[in-house]
Amino acid sequence: MKIKQKNDFMKVAVVGATGLVGRKMLQVLEERNFPVSELIPVASDRSVGKEIMFRGHRYKVISVQEALQQDIDIALFSAGSGVSREYAPQFARRGVYVIDNSSAWRMDKDVKLIVPEVNGDLLTKDDYLIANPNCSTIQMVVALAPLHRHYGIKRIVVSTYQSVTGAGYMAVEQMIHERSGFFDIHKFPHRIDMNTLPHCDVFLDNLYTKEEMKLVNETHKILNDYDIQVSATAVRVPVIGGHSESVNVEFRRDIDLAQVRSILSEAPGVVLLDNPQENEYPMPVLAQDRDEVFVGRLRKDLFLPNALNMWIVADNLRKGAATNAVQIAEIILSF
């Protein structure tokens, strides 16, 4: 297989190019000046033939079967688990680096689950299928990984407040329609405007949702520590802009709040925004269209000496999906 040399331009496919995350991937590729020699937008049959804009040029959407016949270097997948399970291995076998944003391969023992700021050093030129973690997991581990290295995490209790954009285009449309007095779209089982739903993804036999279990299982894999106890509650809120998380984390060693602040202020990909006296703390409206993970409301637990409360916010379509995938692609450039 031919391995691209550093700074070579690459032929890039975006599978799911017409969806919310796919469009954001195109935006991030352009903003970060990723060296794309040719763009191959790929989508479902109903979108084939449509045109999208990228760097001032129009590109026609093609089918995934057509894309398989082309000499592609990197394929960014965001078309759902079914498409990823069927086609990602086919691309990988052809020597294409596949970065998959679905849940299809995240827990596969032979596929690396990568957040560049946390474990990007694990990637090698032989990793042709790479999993992009869940959006909620990404922002949490970016904030917690540097603290885990210093203190060792014993237990995490996390409640998420997740943007409707995480549920796709129709979820956004439902909220907008409801705000206009129309209740004709039913992406969610209940109204979402002026409401909160403790229900992200489907319920499992253990009464947790798939989204909640992703936070458990993916955190273990990314931090490579399966002894960490993780308890999660995932909530959908009528917000566009980003996911928020309330996190209580208990450590194995004594913590110092001043040192915690210092660690986080120097952590890659983290912006410490923690000045409650001036009403400065992370919010989705601040994180929207940003690639950083914002952390604030830092305070020691009142009853557990080695525990910390924190508030974590990030744009779920960018760092939680598109940007993380493009950052992985940037690592591939260095091979």
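Analysis parameters
Residues numbered from 1 in each chain as written. Predicted model: local features only at pLDDT ≥ 70, side-chain atom pairs only at ≥ 80, totals over all residues. Heavy atoms only, no water. Buried < 20%, exposed > 50% of the residue type's maximum accessible area, 1.4 Å probe, protein only. Helix = DSSP H or I, 4+ residues; strand = E, 2+ residues; numbered from the N terminus. Contact = heavy atoms within 4.5 Å. Pairing = 2+ DSSP bridges. Axes fitted to C-alpha atoms, helices over the stretch in contact; angles between N-to-C directions. Parallel < 35°, antiparallel > 145°, perpendicular 65-115°, else oblique. Nonpolar A, V, L, I, M, F, W, Y, C, P; charged D, E, K, R; others polar. Patch = residues over 30% accessible without salt bridge, like charges linked within 9 Å, V, L, I, M, F, W, Y side chains within 5 Å. Areas by Shrake-Rupley, 256 points an atom, 1.4 Å probe, with all protein chains shown as cover. Salt bridge = Lys/Arg side-chain N within 4 Å of Asp/Glu carboxyl O.

Trainee: Which residues make up helix 6 (residues 169–179), and what are the values?
Mentor: Of all the positions in helix 6, only Ala 171, Val 172, Glu 173, Gln 174, Met 175 and Glu 178 are classed as buried. Its buried side turned inward, helix 6 meets helix 1 (20–31). Of the residues flanking the end of helix 6, it is Gly 181, one or two places downstream, whose phi is positive at about 90°.

Trainee: Before we move on, can you summarise the pairing of strand 4 (residues 57–60) with the specific residues and values?
Mentor: Here strand 3 (residues 51–54) runs beside strand 4; their pairing, made up of 4 bridges, is antiparallel. When the sheet's bridge partners are listed, Met 53 is paired in strand 4 with Arg 58. Here strand 3 folds back onto strand 4 in antiparallel fashion, the turn holding 2 residues, of which Arg 55 has a positive phi close to 50°.

Trainee: Describe the packing of helix 5 (residues 135–151) against helix 10 (residues 318–333), and please don't skip the residues or the numbers.
Mentor: In the contact formed by helix 5 and helix 10, the axes pass within 8 Å of each other and the chain directions differ by 85°. Between helix 5 and helix 10, the angle falls in the class roughly perpendicular. Contacts between helix 5 and helix 10 involve Cys 135, Ile 138 and Val 142 on the former and, on the latter, Lys 319, Gly 320, Ala 321 and Asn 324. When grouped by side-chain class, the residues that make up the contact of helix 5 with helix 10 number 4 nonpolar, 2 polar and 1 charged.

Trainee: Could you give me a rundown of a nonpolar patch on the surface, with the residues and numbers involved?
Mentor: There is a patch of nonpolar side chains on the surface, built from Met 283, Val 285 and Leu 286 and spanning about 250 Å² of accessible area. For Val 285, the location among the structural elements is in helix 9 (residues 284–287).

Trainee: I'd love a proper account of unusual backbone geometry, names of residues and values included.
Mentor: In this model, Asn 33 sits at a positive phi of 55°, which is unusual for a non-glycine residue. Of note, Asn 33 is situated in the loop between helix 1 and strand 2 (36–42). Judged by relative accessible area, which is 59%, Asn 33 ranks as exposed. Phi is positive for Asn 224, which is not a glycine, with a value near 55°.

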